[in-house]
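Summary of structural features
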Amino acid sequence: MTISPEMLAAYADGELDQLSAARVERALGDDPDLARQLEALLALKDKLNAHFAPILDQPVPEQITAPIADAAKVVDLSAVRAARQRWFERPALRYGGGAIAAALALVLVLVMTVNRTGDGAPGMAGEELARALDSQRSGVVGPGGTKVLLSFRDHGGALCRGYAEKAGSGIACREDSGWHIRTHGANASAEQGAYRQAGSADAAVMAAAQDMAGGPALDADEEAKAIAAGWKR
Amino acid sequence: MTALLPRLRRFAHGLARNAADADDLCQMTVERALSSRQQWQEGTRLDSWMYRIMRNIFIDETRSASRRARTFADPDDGLEVGVQGAQEATVELSMVDRALATLPDEQREAVLLVMVEGYKYVEAAEIIGCPIGTLTSRLLRGREALLQHLGEAA
């Protein structure tokens with residue numbers, strides 16, 4: 001039987017079913033001319049592939065990779081922006097300044113879930129912490145190394161403050177008897193003798209505060225008044 | 001997508017007339033794919049989709065280029081691209097390039113998709129958007145022409 005050029009090409013391309021392939025192979029054995037045609041087809045394929053193969057090994061020019069890198073950046077930025085907006089929708093939070101913004105933009109919710117179940121049993125704030133909570137403005141590191149992160153009212157209307165100290169970070173709320181610690185977690189970096197991860201701990205406090213807060217954080221004026229009034233409701 | 005780039009670039013270099021045009025084509029393909037990525041259906045093959053984008057851009061550009069009688073390469077493309085492309089175009093204008101250049105675009109893309117990119121007939125036909133019979137006849141004619149041009153050397 002004769003094998004059409006289409007069929008021979010399809011054989012060379014591996015497109016034939018087993019039965020048809022067997023027929024081509026039988027014909028190839030009988031027909032040296034057909035065998036030469038097949039050889040030419042396969043040689044052409046090899047030649048084309050050898051010709052284009054070097055391109056696969058060349059580095060892809062930046063012209064081509066740049067749009068992908070740019071697109072990745074846009075995605076990252078919008079994610080960061082979305083995370084940031086959750087906080088900055090609340091205008092009063094803006095006063096917290098660069099340190100808080102940076103902490104927010106970095107690792108929003110990372111640590112607090114762990115910290116909440118951490119070792120510190122809720123109780124009264126110690127003397128030094130209480131002094132810091134009474135007198136320090138947010139964003140300032142006090143003489144004892146304690147930094148108050150923000151102030152807000154909880155759902156019940158109590159005034160609360162997020163803080164970070166060397167031993168850990170948490171949130172304390174002011175009641176008639178003093179500052180009650182609502183949530184507190186050990187600071188992993190403090191245990192390692194480093195203050196590196198304070199940013200993520202701050203962010204964790206912020207995340208917890210967001211859950212507890214009944215409204216926006218106090219702005220600088222409101223906070224100053226609260227300090228002056230001794231954090232009375 | 002990044003993993004596909006060398007292959008896409010190979011296809012572009014087979015389609016376009018010179019290296020600079022090929023990389024421009026590749027860049028446009030990536031940009032088009034990124035801007036219309038919502039249209040890519042999850043679960044379908046990303047490579048076929050991008051090859052289709054590339055060949056469509058190539059066909060469109062070739063048409064508008066011949067209509068407007070202007071070059072495919074954007075004059076705004078940087079110095080480096082132009083210089084590098086010109087060098088490669090000279091060096092790489094081998095027998096194979098010349099033989100491929102004699103083929104009509106539709107035969108060249110069929111040959112490249114099947115013989116170089118290794119697509120099955122049905123996949124190549126889908127990328128081009130033609131019936132499988134059309135693909136195989138283009139492939140056959142293109143292949144015969146190449147064999148003639150490259151002759152015994154092939």
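Residues numbered from 1 in each chain as written. Chains lettered and ligands numbered in written order. Predicted model: local features only at pLDDT ≥ 70, side-chain atom pairs only at ≥ 80, totals over all residues.

Some details on the sheet that holds strand β3 (residues 168-175) of chain A
Residue and element names in this part refer to chain A. The sheet built from 5 strands is open, its strands ordered β4-β3-β2-β1-β5 with antiparallel pairing. Strand pairing shows two members of the sheet lacking a second neighbour, β4 (178-186) and β5 (213-217), which therefore form its edges. When the angles between neighbouring strand axes are averaged without regard to direction, this sheet yields 30°. By the bridge criterion, 6 bridges tie strand β2 (residues 159-165) to β3 in an arrangement that is antiparallel. (Pairing = 2+ DSSP bridges. Helix = DSSP H or I, 4+ residues; strand = E, 2+ residues; numbered from the N terminus. Axes fitted to C-alpha atoms, helices over the stretch in contact; angles between N-to-C directions.)

Observations regarding the nonpolar core
Counting residues in each nonpolar core, the largest one holds 51 residues, and the members touching the most others are A12, L25, M54, V111, V114 and A124 of chain B. The dominant element in this core, judged by the number of residues it contributes, is helix α2 (residues 19-35) of chain B, at 8 residues. Here V114 of chain B is in contact with D13 of chain A together with Y119, Y121, A124 and L139 of chain B, once residues within four sequence places are set aside. By size, the runner-up hydrophobic cluster in this structure holds 27 residues, among which are L133, W179, V205 and A217 of chain A. (Core = buried A, V, L, I, M, F, W, Y, C linked by C-beta atoms within 7 Å. Buried ≥ 20, exposed ≤ 12 C-beta atoms within 10 Å, placed from the backbone. Contact = placed C-beta atoms within 7 Å.)

A word on the pairing of β4 of chain A
All names here are of chain A. As paired strands, β3 and β4 are joined by 8 bridges and run antiparallel to one another. Residue pairing across strands places R174 opposite W179, the latter belonging to β4. Between β3 and β4, which pair antiparallel in sequence order, lie 2 residues.

What about the interface of chain A and chain B?
Each side of the interface is counted separately: chain A has 24 residues, and chain B has 31 residues. The set of elements that each furnish at least two residues to the side of chain A that touches chain B consists of α1 (5-12), α3 (32-57) and α4 (62-88) of chain A. No other element matches α3 of chain A, which puts 11 residues into the side of chain A that touches chain B. Of the residues that constitute the side of chain A that touches chain B, the class distribution is 15 nonpolar, 4 polar and 5 charged. (Nonpolar A, V, L, I, M, F, W, Y, C, P; charged D, E, K, R; others polar.)

Considering the confidence of the model for chain B
Residues and elements named next belong to chain B. When pLDDT is averaged along chain B, the result is 83; 81% of the residues meet or exceed 70. Mean pLDDT across the secondary structure elements of chain B bottoms out at helix α4 (residues 79-92), with 45, and peaks at helix α6 (residues 105-116), with 96. Under a pLDDT of 50 for its full length, residues 75-92 has, in the predicted model, 14 contacts with residues more than four places off or in other chains. Interface predicted TM-score (ipTM) for the complex: 0.79; the corresponding pTM is 0.54. (pLDDT = per-residue confidence, 0-100.)

A look at α6 of chain B
All names here are of chain B. Helix length check: α6 (12 residues) gives 15 Å between terminal C-alpha atoms against 16 Å at 1.5 Å per residue, within 8%. Most of α6 is tucked away: 10 of the 12 residues are buried. If you check which residues of α6 are buried, you get Q107, R108, E109, A110, V111, L112, L113, V114, M115 and V116. Downstream of α6 by a residue or two, G118 has a phi angle that is positive, lying close to 75°. (Expected span 1.5 Å × (residues − 1).)

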